[in-house]
Amino acid sequence: MTIEYLKKADKTPETETGTARAVVDEMLTDIRARGEAAVREYASKLDKWTGEIVMSDAQINQATRDIPVSIKKDIEFAVRQVYDFAVRQRESIEEFSVALPGGVTAGQRVLPVNVVGCYAPAGRYAHIASAYMGVATAKAAGVKNIIACSSPFRGGAMHPYVLYAFRTAGADTIMTLGGVQAIASMAFGLFTGTAADVVVGPGNKFVAEAKRSLFGQVGIDVFAGPSEVAVIADETADPEIVASDLVGQAEHGHESPAWLFTTSRVLAQKVAERIPQLIEQLPGIAREAATAAWRDYGEIIICDTREEVVEVSDRYASEHLEVQARDLDWWLERLTCYGSLFLGEESTVAFGDKCSGPNHVLPTKGAARYSGGLSVHKFMKTLTWQRMSKDAVRQIGQVTARISRLEGMEAHARTADDRLAKYFPGETFDAGEAVTV
Ligand SMILES: NC(=O)C1=CN([C@@H]2O[C@H](COP(=O)(O)OP(=O)(O)OC[C@H]3O[C@@H](n4cnc5c(N)ncnc54)[C@H](O)[C@@H]3O)[C@@H](O)[C@H]2O)C=CC1
Ligand SMILES: O=C(O)[C@@H](O)CS(=O)(=O)O
Ligand SMILES: [Zn+2]
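Residues numbered from 1 in each chain as written. Chains lettered and ligands numbered in written order. Predicted model: local features only at pLDDT ≥ 70, side-chain atom pairs only at ≥ 80, totals over all residues. Heavy atoms only, no water.

Peer 1: It is not clear to me how the coordination of the zinc ion (ligand 3) should be interpreted in this structure. Could you clarify?
Peer 2: By definition of the ideal shapes, four donors in a tetrahedron about a metal sit 109.5 degrees apart, and six donors in an octahedron sit 90 or 180 degrees apart. Note on the zinc ion (ligand 3): its protein donors are Gln249 (OE1), His252 (NE2) and Asp353 (OD). The metal-donor distances range over 2.1 to 2.4 Å. Read from N- to C-terminus, the donor residues coordinating the zinc ion (ligand 3) fall into the pattern Q-x2-H-x100-D. You can see His252 sitting in the loop between helix H9 (239-250) and strand E10 (258-262) and its partner Asp353 sitting in helix H14 (residues 349-354), a full 101 residues away along the chain. (Donors = N, O, S within 2.8 Å, 3.2 Å for Na, K, Ca; no water. Helix = DSSP H or I, 4+ residues; strand = E, 2+ residues; numbered from the N terminus.)

Quick look at the structure:
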């Protein structure tokens, strides 16, 4: 395979993992030991927040009262889009029962978990959309108790639009907490007395590491860290739009990769020239973030063939993947690793980020090799059940006893022996070679 880097990055999504892990380990150990007191200290030290953690209805009403109707309408529209898509996902998971040979009836139940914690980041930007991505999806899954957290915004209270998004989507409890201390509080049941079964939501490297570290004690959605974007483009793509879409996601933060995979050298060169100019035209915070992101993580890769592009793209497994090329169905059929796929120039990542419907909480750092993004599935348990007649025990019991004894599991075998003897007294069975003391 011949690939050429027109721009190669010094850093990869893995680069900052170690530093974040050390910080998170220390914080989690402290929060486990000292509980709410430790959380309050981190909230004060990291986010300058010393106010109430759990918001009362009166506080929520007060904080959201003056939001203009047009803004409320936009948030409500977006919540509906995300909720409706999630409901359709819920409907696609079916319960069933089946009669298996041997007299076994078995089935699948699909149940929501009881308590969910949803995080919406708010360090650099007020992530209104992340607030409804988590909560509306949990609601569609049928979760009865949804706890939501977002950090105080730039030294003040929680951003009112984030708060409105949480409430509109259906959060039951809302806490003003950010970062590791928020994830830990939801996982341990601090301030609410109810530990979450599953904690979801995107965030910076500290948030993502905290979720990874707590996985096992709680379920999580996926490693949804610093945003990534890749664009696949051929010579039919518009370099202006391609460059704009790469910059559009590079503004997320210093550690947000933007990658271009293309078969067109001409397009690659135009995009390379245009990106720094577009970044230069951004306002302060966005410009600073995108400049660092493009400098340290930005890449442009030129391939000879579109088959090579597929191989490269699957290896990067980008969180967001756009295809701006001819023959979109060809790409849809062949690409296998991405958090969410945006086909055609009309379907830019920002639309999915904010309101088109499919969830924007998506896998980063190559996690798209083994997982999709947040969906109702992450809140659902697929449970199995089985039921057998006495007649079924004749065959199932003998096979179970024989396999158990082949494995050396005598006590397992005897649970089958006991039933065979009880249901079919006087009969003899081939139950394998029993092992005695
Ligand atoms: N993968 C996905 O689906 C999505 C990812 N994102 C990503 O979420 C991230 C949002 O990041 P932020 O704006 O920073 O908001 P954030 O809410 O994730 O992080 C802010 C919190 O980080 C903590 N923090 C900051 N510095 C710290 C330190 N040195 N040690 C310990 N904790 C510290 C603070 O407690 C603060 O509350 C971006 O990287 C963005 O790309 C956003 C949306 C979706
Ligand atoms: O990583 C992501 O999904 C983000 O792009 C979502 S948002 O732009 O922060 O809404
Ligand atoms: Zn985005």
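There's plenty left to go through after this.
Peer 1: When you look at the nonpolar core in this model, what are you seeing that I'm missing?
Peer 2: The nonpolar side chains of a soluble globular protein tend to be buried, and buried together. Val116, Tyr132, Val135, Val143, Phe166, Ile174 and Phe379 are the most contacted members of the largest nonpolar core, which totals 45 residues. Only helix H4 (69-92), strand E4 (115-120), helix H5 (128-141), strand E5 (145-150), helix H6 (160-169) and strand E7 (198-200) provide two or more residues apiece to this core. Considering each element in turn, this core owes the most residues, nine residues, to H5. Filtering out sequence-adjacent residues up to four positions away, Val143 remains in contact with Pro112, Val113, Asn114, Val116, Ala138 and Phe379. Counting 32 residues, the second largest nonpolar core, distinct from the first, contains Val180, Ala182, Met186 and Val218. (Core = buried A, V, L, I, M, F, W, Y, C linked by side-chain atoms within 4.5 Å. Buried < 20%, exposed > 50% of the residue type's maximum accessible area, 1.4 Å probe, protein only. Contact = heavy atoms within 4.5 Å.)

Peer 1: Sorry if this is basic, but what is going on with unusual backbone geometry here?
Peer 2: Keep in mind that most residues, glycine aside, have a negative phi and that most peptide bonds are trans. If you check the backbone angles, Phe191 has positive phi at about 70 degrees while not being a glycine. Positionally, Phe191 belongs in the loop between helix H7 (179-188) and E7. In this structure, Lys365 takes a positive phi of about 55 degrees despite not being glycine. Tracing the chain through its elements places Lys365 in the loop between H14 and strand E14 (380-388).

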